[in-house]
Amino acid sequence: MKIISFIFLFTFFLGCKREEISICDDSIGLFTFSSYPIGTAIDIIELGNDPLYKSIAIKQFNSITPENIFKAEYLHPEPLFFNWTEADSLVSFCQNNNKRLHGHTLIWHQQLPQWILDYQGSTSDWEQLMKVHIQTIMTHFKNKVTAWDVVNEAFNEDGTLRNSIWKQKIGVSYIEKAFLYAKEADPNALLFYNDFNLESNPTKRNSVLALLNNLRNRGVKIDGIGIQMHISNYYPESTQIANSFQEIVDDNYKIHVSELDISVNPLGKDIVPSETLFNEQANLLGTVVINYNKIPKQYQYGITFWGISDKNSWIRSFYNREDYPLLYDDNYLPKPCYCKLLRTL
Ligand code: XIL
């Protein structure tokens, strides 16, 4: 009897183990299960230094967004000097490994080089500066970058336009001009507007849509909207996500879930990372993906995570808090949210 129960328990244990392993098996890439691209933001330093980071990037994702090195302070550090070295190495990485490259970002109020912040000139000097910036970069990466976040984070939460340096120097028309310059430089690239909280703040979303629709009616090419989705276990609700996707699709824009991460500790409390927190996180990711799966195929540009493992996430350093927002843990083991994603794609 003892032996029988031992055998029974042993087989039961093996069965559980097998199930656990098979559910969370990350030996086949996520993107191979997906009908739309699955992306990650890539940190070029980690890519060069950490073989495990690199191998997960190659195996799991088929779309790459440079986390920092396509931003103005990196690419355009001096008025007459563009630094292509690191960006070109990322282009080669993408070409060698058959990854789509998403250009992030051309016009933003952050991570600007000092010379732009200090620049003195008339409105038309500023327009020229913006034109040269956009067109030099897009021409350099023509046929290598599929799509660009042309303008990033131009709105405030109350739906008004952010008083960024671009708006101060050029006026509200800077957004229209940025898209016009972009189209002129590379008519084949997809052009996106990218922002945060669009899934949870209808006031902001409506203002973004109103402005983009207005530009479109005047013939400006805008292909899609990047919804960053730096979200947390505690918001948004599924209905908010569904409504935002629906409204954007109804207005005929592709949707890029462009910077997805799910904070388990948005208020920066003292926490103990627990199974409950990770399961809540997994369930919310499932909700995002289920809603994304429902939008028509031609609008699914893809879902991009803002990093690979918790230890590389910008959230920890930027907000200086304990957090675990990504698919892989600090030891590069797939978390419950990875498993959920695999089952939901
Ligand atoms: C973040 C990067 O992840 C950090 O490494 C950097 O220090 C600051 O910028 N919205 C965006 C991204 O559009 O470019 C930001 O990336 C995160 C918020």
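Residues numbered from 1 in each chain as written. Predicted model: local features only at pLDDT ≥ 70, side-chain atom pairs only at ≥ 80, totals over all residues. Heavy atoms only, no water.

1. Some points on the layout of surface pockets
Here is step 1: Its volume calculated, the largest pocket comes out at about 600 Å³.
Here is step 2: Taken together, 26 residues make up the lining of the largest pocket; nearest its centre are Gln228, His230, Trp314, Phe318 and Tyr319.
Here is step 3: If you list the elements that add at least two residues to the lining of the largest pocket, you get strand E7 (230-232), strand E8 (254-263) and helix H13 (314-319).
Here is step 4: A per-element tally of the lining of the largest pocket places H13 first, with 5 residues.
Here is step 5: One number sums up the size of the second largest pocket: a volume of about 250 Å³.
Here is step 6: Every element with two or more residues in the lining of the second largest pocket is listed here: helix H1 (2-24), helix H12 (275-294) and helix H14 (336-344).
Here is step 7: Considered class by class, the residues forming the lining of the second largest pocket number 6 nonpolar, 2 polar and 4 charged. (1 Å grid on protein atoms, 1.4 Å probe; cavity = no way out; pocket = protein on both sides within 12 Å on 5 of 7 lines; lining within 4 Å. Points joined across faces, edges and corners; volume = space filled by probe spheres on them. Helix = DSSP H or I, 4+ residues; strand = E, 2+ residues; numbered from the N terminus. Nonpolar A, V, L, I, M, F, W, Y, C, P; charged D, E, K, R; others polar.)

2. Some thoughts on helix H9 (residues 174-185)
Here is step 1: Compared with the 16 Å implied by 1.5 Å per residue over 12 residues, the 16 Å span of H9 between its first and last C-alpha is a close match.
Here is step 2: Restricting attention to buried positions, one finds in H9 the residues Tyr174, Ile175, Glu176, Ala178, Phe179, Tyr181, Ala182 and Ala185.
Here is step 3: Next to the buried residues of H9 lie strand E3 (100-107), helix H7 (123-140), strand E4 (147-152), helix H8 (165-170), strand E5 (190-195) and helix H10 (202-217). (Expected span 1.5 Å × (residues − 1). Buried < 20%, exposed > 50% of the residue type's maximum accessible area, 1.4 Å probe, protein only. Contact = heavy atoms within 4.5 Å.)

3. Here we look at helix H11 (residues 238-250)
Here is step 1: Helix length check: H11 (13 residues) gives 18 Å between terminal C-alpha atoms against 18 Å at 1.5 Å per residue, within 8%.
Here is step 2: For H11, the elements touching its buried residues are H10, strand E6 (224-227), E8 and H12.
Here is step 3: Following H11 by one or two positions, asparagine 252 adopts a phi angle in the positive range, close to 70 degrees.

4. Topic: empty space enclosed by the protein
Here is step 1: Per the stated rule, a full pass over the model turns up 3 cavities of 30 Å³ or more.
Here is step 2: Taken as a whole, the largest cavity spans an internal volume of roughly 40 Å³.
Here is step 3: Along its surface, the largest cavity is lined by Leu260, Asp261, Ile262, Gln281, Leu285, Phe305, Pro325, Leu326, Leu327 and Cys337.
Here is step 4: Sort the elements by how many residues they give to the lining of the largest cavity and E8 lands first, with 3 residues.
Here is step 5: For the lining of the largest cavity, a count of residues per class yields 8 nonpolar, 1 polar and 1 charged.

5. A word on the nonpolar core
Here is step 1: One finds Phe141, Trp148, Val151, Trp166, Leu260, Phe305 and Leu327 to be the most contacted residues of the largest nonpolar core, which totals 94 residues.
Here is step 2: No other element matches the 7 residues that H9 contributes to this core.
Here is step 3: Each residue touching leucine 327, except ones within four places of it in the same chain, is listed here: Leu30, Phe61, Leu285, Phe305, Ile308, Leu333, Pro334, Lys335, Cys337, Tyr338 and Leu341.
Here is step 4: Val264, Ile271, Phe278 and Tyr324 belong to the second largest nonpolar core, which has 5 residues in total. (Core = buried A, V, L, I, M, F, W, Y, C linked by side-chain atoms within 4.5 Å.)

6. A few points about the packing of aromatic side chains
Here is step 1: In this structure the tally under the stated criterion is 17 aromatic pairs.
Here is step 2: Here the aromatic rings of tryptophan 84 and phenylalanine 141 are separated by 5.5 Å at their centres, their planes lie at 85 degrees, and the arrangement is edge-to-face. A residue pair is termed long-range when its members are at least 10 positions apart, and tryptophan 84 in the loop between helix H4 (72-75) and helix H5 (85-96) and phenylalanine 141 in the loop between H7 and E4 qualify at 57 residues.
Here is step 3: Under the relative-accessibility criterion, phenylalanine 141 is labelled buried at 0%.
Here is step 4: Summarising the aromatic geometry, the rings of tryptophan 314 and phenylalanine 318 are spaced 4.9 Å apart at their centres and angled 50 degrees between planes, so their arrangement reads as tilted. On the criterion of helical spacing, the pair formed by tryptophan 314 and phenylalanine 318 is a turn pair, its members being 4 residues apart in helix H13. (Phe/Tyr/Trp six-rings, centres within 6.5 Å; stacked < 30°, edge-to-face > 60°.)

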